[in-house]
Structure formats: structure tokens, C-alpha cells
Amino acid sequence: GGPALVLDQVVADTGDHLPIFPQNGCAVSTRSNRWMVFPGELRHGAVSIDDSKEQRFVILYNFWRSHTPRPPACQVPDFTNYLPICSTAATARHVLKPEED
């Protein structure tokens, strides 16, 4: 897969993009166990650079000290059918039941 891309653009409470056109960005190439840290409000994503159909999994941790962004920027996910942790996934045995967390 292609690199992760982080731009100097945020979405305001009004839904506007600030700045309208990003002026700067950072691309980080993929490699096993590589990690990066950036402010989560910045526009970010993965860029496809080839015809690879191989799945790519990303582990994301958000830490909010003073606030949680409102939907649609931040939502409680429904993991019912999320392949890496659904009941049919090999990783399902590692998911804690609500009474175990």
C-alpha cells in the first residue's frame, strides 16, 4: 500500500475546511511496525500508489484530554461486523466480554 498522509487542514465546527486548500503535508511510507503521531484533528488518510488489493490494517488510538469531537468527526463505532474483531475472526478470542473489561 501507499503512504499515510497528514495535511495541515482541519474541519471547523461549521463543516468548513480550514484552510480551504492544504498548504503543507507529510507522507510516511509503510513498513511493518512503523508508527507515527500527529494531532488527530488534521486531515489524514492512506494513499494508494499501486494496484495492490492486499488488506492493510491500522491501529488507531485517540487520547482526548479536554473534549471529544462531535459527530460526524467522532462516533462510537459498531464493531458487530468489523472483520478483525467480529465473531468469525481469528482475533475474536482476544476480545474482552463487557464484564471482563
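Residues numbered from 1 in each chain as written. Predicted model: local features only at pLDDT ≥ 70, side-chain atom pairs only at ≥ 80, totals over all residues. Heavy atoms only, no water.

Attention shifts here to the overall build of the chain. Tallying secondary structure elements over the chain gives zero helices and five strands in all. Within the chain, the fraction of its 101 residues that count as buried is 8%. The long-range share in the chain, meaning contacts at least 24 apart out of those at least 6 apart in sequence, stands at 53%. (Helix = DSSP H or I, 4+ residues; strand = E, 2+ residues; numbered from the N terminus. Buried < 20%, exposed > 50% of the residue type's maximum accessible area, 1.4 Å probe, protein only. Contact = heavy atoms within 4.5 Å.)

Another aspect to go through is the sheet that holds strand β1 (residues 4–7). One open sheet accounts for three strands, arranged β4-β1-β5; its pairing is antiparallel. One side of each edge strand has no neighbouring strand; the edge strands of this open sheet are β4 (25–28) and β5 (44–46). Taking the axes of each pair of neighbouring strands and ignoring which way they run, one obtains an average angle of 15 degrees across the sheet. Of the strand pairs in this sheet, β1 and β5 are connected by three bridges, and their pairing is antiparallel. Looking across to β5, one finds that Ala4 is bridged to Ala46. (Pairing = 2+ DSSP bridges. Axes fitted to C-alpha atoms, helices over the stretch in contact; angles between N-to-C directions.)

Residue Pro19 is reached from Leu18 by a cis peptide bond, and omega for that bond is -10 degrees. Here Pro19 shows up in the loop between β3 (17–18) and β4.

Time to look at the environment of Leu18. Summarising the element assignment, Leu18 is placed in strand β3. We classify Leu18 as partly exposed; its relative accessible area is 45%. Each C-alpha atom of the pair Leu18 and Asp8 lies 8.4 Å from the other, and the pair is 10 residues apart in sequence. The residues contacting Leu18, other than those within four sequence positions of it, are Asp8, Gln9, Val10 and Ala12.

The subject of this paragraph is a nonpolar patch on the surface. Taken together, the side chains of Ile59, Tyr61 and Phe63 present a nonpolar region at the surface, about 470 Å² in accessible area. Checked against the element boundaries, Tyr61 lands in the segment after β5. (Patch = residues over 30% accessible without salt bridge, like charges linked within 9 Å, V, L, I, M, F, W, Y side chains within 5 Å. Areas by Shrake-Rupley, 256 points an atom, 1.4 Å probe, with all protein chains shown as cover. Salt bridge = Lys/Arg side-chain N within 4 Å of Asp/Glu carboxyl O.)

Structurally, Gln9 can be placed in the loop between β1 and β2 (10–11). We classify Gln9 as buried; its relative accessible area is 5%. A distance of 2.8 Å separates a polar side-chain atom of Gln9 from the backbone oxygen of Pro19. Sequence-distant contacts of Gln9, defined by excluding residues within four places in its chain, comprise His17, Leu18, Pro19, Ile20, Phe21, Pro22, Glu41, Leu42 and Arg43. (Polar contact = N/O pair within 3.5 Å; in protein donor to acceptor, adjacent residues only side chain to side chain.)

With that out of the way, let us pick up the pairing of β1. Side-chain alternation along β1 places Ala4 and Val6 on a buried face and Leu5 and Leu7 on a face that remains uncovered. Looking at chain direction, β1 and β4 are connected through four bridges and run antiparallel. The residue bridging Leu7 from the neighbouring strand is Gly25, located in β4.

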